[in-house]
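Residue-level structural notes
In case you want the letters, here they are:
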Amino acid sequence: MSASVQAAASVLRHDWQQAELLALFDLPFPELLHRAASVHRLHFDPAQVQVSTLLSVKTGGCPEDCAYCPQAQRYHTGVDAQKLMSTEAVLEKARQAKAAGASRFCMGAAWRSPKDRDIPKVAAMIREVKALGLETCATLGMLSAPQADALKTAGLDYYNHNLDTAPDFYGQIIHTREYQDRLDTLEHVRDAGMKTCCGGIVGMGESRAQRAGLLLALANLPAHPDSVPINRLVQVEGTPLHGTAELDPFEFVRTIAIARITMPHSMVRLSAGRESMSDELQALCFAAGANSIFYGEKLLTTGNPDVERDQALFARLGLRPMAVEVHSGTVHADIVETPSTCERAA
């Protein structure tokens, strides 16, 4: 990469245009991967992958109508509503996740938004998980500004709230929440001083232009998300999107590559849908700039590759989990050797 191109790739932009992203999508596949990998190497060790575990601490019974989600109470998917888990039960899962190599522990609850009475219970989970030396992340639906402040005070590092899809496709997927509601929650999270985890889902029947529109919306946020989960639709029988034509695997890799190019400092995460990905497809995604995964546990209510398979894949590819550095006093886990850097699918 020339010095001028390298300098351009180091600049954080928030003024991307749709035509620019579509031009990237149209590049020959090897050229696109080369560009994405070059940007990745400027900001990250390409052999390191950040590993997170996601636990559903409150499953099912969600009143919203997200067309992809098996936790919506209006769909018959076999997911039974469950109450919020106890702090000790969550803590035991966090210990297991740390022992398996996770550096971040994400807690998801199937709420449209938490009630104020729920916040102290979640705050207790956050404090205890953080005391283990894990980074903490939560996805609880929409947050008010005071709720975001309370979670920050409890020590929450990241809050996940996805945009899900492009603004012009959103109305075909969700009717119970506006796009602006999502943007408002992200603003509350940023204002509280937490890091944002924000991405979307591809393969829901959207066009390439709408996939570009999702990435455009993410890349042009006031601050790039610290983590960008790119979910591949998991089709669950009983949801409206069951039976949707499957996205071409190379198109998924292209999406990963463009996320890396447009958000060069962000962790780009392979999230939902990884269970159905071949090792070869995942390897292409890592080559395209993905550097974060969820492993272990079920990814909320859909499957996820088991730890042994992931460890074997890492060994075959020469990849290693990112380490965490634990400080004395109030325990906080920071990713080592990176710039300062999970909603229904996170």
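Residues numbered from 1 in each chain as written. Predicted model: local features only at pLDDT ≥ 70, side-chain atom pairs only at ≥ 80, totals over all residues. Heavy atoms only, no water.

1. A look at the pairing of strand 3 (residues 135-139)
- Burial analysis of strand 3 places 5 of its 5 residues in the buried class, which makes it a mostly covered element.
- Residues Glu135, Cys137 and Thr139 line one face of strand 3 and the alternating positions Thr136 and Ala138 line the opposite face, and both faces are buried.
- After leaving strand 2 (residues 104-109), the chain enters helix 5 (residues 119-130) and then returns to the sheet as strand 3, a path that is right-handed.
- Where strand 3 and strand 4 (residues 158-160) come together, 2 bridges link them in parallel fashion. Each residue of the ladder has a partner; that of alanine 138, found in strand 4, is tyrosine 159.
- Crossover connection from strand 3 via helix 6 (residues 145-154) to parallel strand 4: handedness right-handed. (Buried < 20%, exposed > 50% of the residue type's maximum accessible area, 1.4 Å probe, protein only. Helix = DSSP H or I, 4+ residues; strand = E, 2+ residues; numbered from the N terminus. Right-handed = clockwise from strand over helix to strand, strands pointing away. Pairing = 2+ DSSP bridges.)

2. Re helix 3 (residues 29-43)
- Here helix 3 is 15 residues long and its end C-alpha atoms lie 22 Å apart, about the 21 Å a rise of 1.5 Å per residue gives.
- Buried within helix 3 are the following residues: Phe29, Leu32, Leu33, Ala36, Ser38, Val39, His40 and His43. (Expected span 1.5 Å × (residues − 1).)

3. Brief notes about the environment of lysine 115
- Position of lysine 115 among the secondary structure elements: in the loop between strand 2 and helix 5.
- A relative accessible area of 46% places lysine 115 in the partly exposed class.
- C-alpha separation for the pair lysine 115 and serine 144, spaced 29 residues apart in sequence, amounts to 9.9 Å.

4. Regarding the confidence of the model for the protein chain
- Of the residues in the protein chain, 86% reach a pLDDT of 70 or more, and the chain-wide mean stands at 86.
- Here residues 325-345 is modelled with pLDDT under 50, and outside its nearest four sequence neighbours on either side it reaches 79 contacts, counting other chains as well. (pLDDT = per-residue confidence, 0-100. Contact = heavy atoms within 4.5 Å.)

5. Some details on the nonpolar core
- Of all hydrophobic cores here, the largest spans 91 residues; its most connected members are Tyr68 and Leu151.
- Counting 5 residues, the second largest nonpolar core, distinct from the first, contains Cys106, Cys137, Tyr158 and Phe294. (Core = buried A, V, L, I, M, F, W, Y, C linked by side-chain atoms within 4.5 Å.)

6. A short note on the environment of isoleucine 119
- Looking at where isoleucine 119 falls in the secondary structure, it is placed in helix 5.
- Residues isoleucine 119 and alanine 154 lie 35 residues apart in sequence; the distance between their C-alpha atoms is 9.7 Å.
- For isoleucine 119, the contacting residues outside a window of four places in its chain are Pro114, Gln147, Ala150 and Leu151.

7. Re the environment of cysteine 69
- Relative to the helices and strands, cysteine 69 resides in the loop between strand 1 (48-58) and helix 4 (87-99).
- Cysteine 69 gets classed as buried once you look at its relative accessible area, which sits at 3%.
- Through-space distance from the C-alpha of cysteine 69 to that of valine 234 is 9.0 Å; in sequence the pair is 165 residues apart.

8. Some thoughts on the packing of aromatic side chains
- Within this structure, the stated rule accounts for 3 aromatic pairs.
- With 5.3 Å between their ring centres and 70 degrees between their planes, phenylalanine 29 and phenylalanine 250 make a pair best called edge-to-face. Linking phenylalanine 29 in helix 3 with phenylalanine 250 in helix 10 (residues 249-262), this pair joins segments that are 221 residues apart in sequence.
- Centre to centre, the rings of tyrosine 170 and tyrosine 179 are 5.1 Å apart; their planes meet at 85 degrees, and the pair counts as edge-to-face. Judged on exposure class, the residue tyrosine 170 and its partner tyrosine 179 are both buried.
- Positioned over the ring face of tryptophan 16 is arginine 13, at 4.0 Å from the centre of the ring.
- The ring of phenylalanine 294 is capped by arginine 269, whose NZ or CZ atom sits 4.6 Å from the centre of that ring. (Phe/Tyr/Trp six-rings, centres within 6.5 Å; stacked < 30°, edge-to-face > 60°. Lys NZ or Arg CZ within 6 Å of the ring centre and 35° of its normal.)

9. Examining the side chain of arginine 104
- Relative to the helices and strands, arginine 104 is located in strand 2.
- Here arginine 104 falls in the buried class, since its relative accessible area comes to 0%.
- Reaching out from arginine 104, the side chain makes a polar contact with the side chain of serine 227 at a distance of 3.0 Å. (Polar contact = N/O pair within 3.5 Å; in protein donor to acceptor, adjacent residues only side chain to side chain.)

10. Focus on the pairing of strand 8 (residues 267-270)
- Neither face of strand 8 is left uncovered, since the one carrying Met267 and Arg269 and the one carrying Val268 and Leu270 both have all their residues buried.
- In terms of strand pairing, strand 7 (residues 227-232) meets strand 8 through 4 bridges, oriented parallel. For isoleucine 230, the partnering residue across the bridge sits in strand 8 and is leucine 270.
- The handedness of the strand 7 to strand 8 crossover, carried by helix 10, is right-handed.
- With respect to chirality, the unit in which strand 8 leads through helix 11 (residues 279-287) into the neighbouring parallel strand 9 (residues 292-294) is right-handed.

11. A look at unusual backbone geometry
- In this structure, aspartate 164 is a non-glycine residue whose phi angle is positive, near 75 degrees.
- Locating aspartate 164 in the fold gives a position in the loop between strand 4 and helix 7 (167-170).
- The exposure class of aspartate 164 is buried, given its relative accessible area of 1%.

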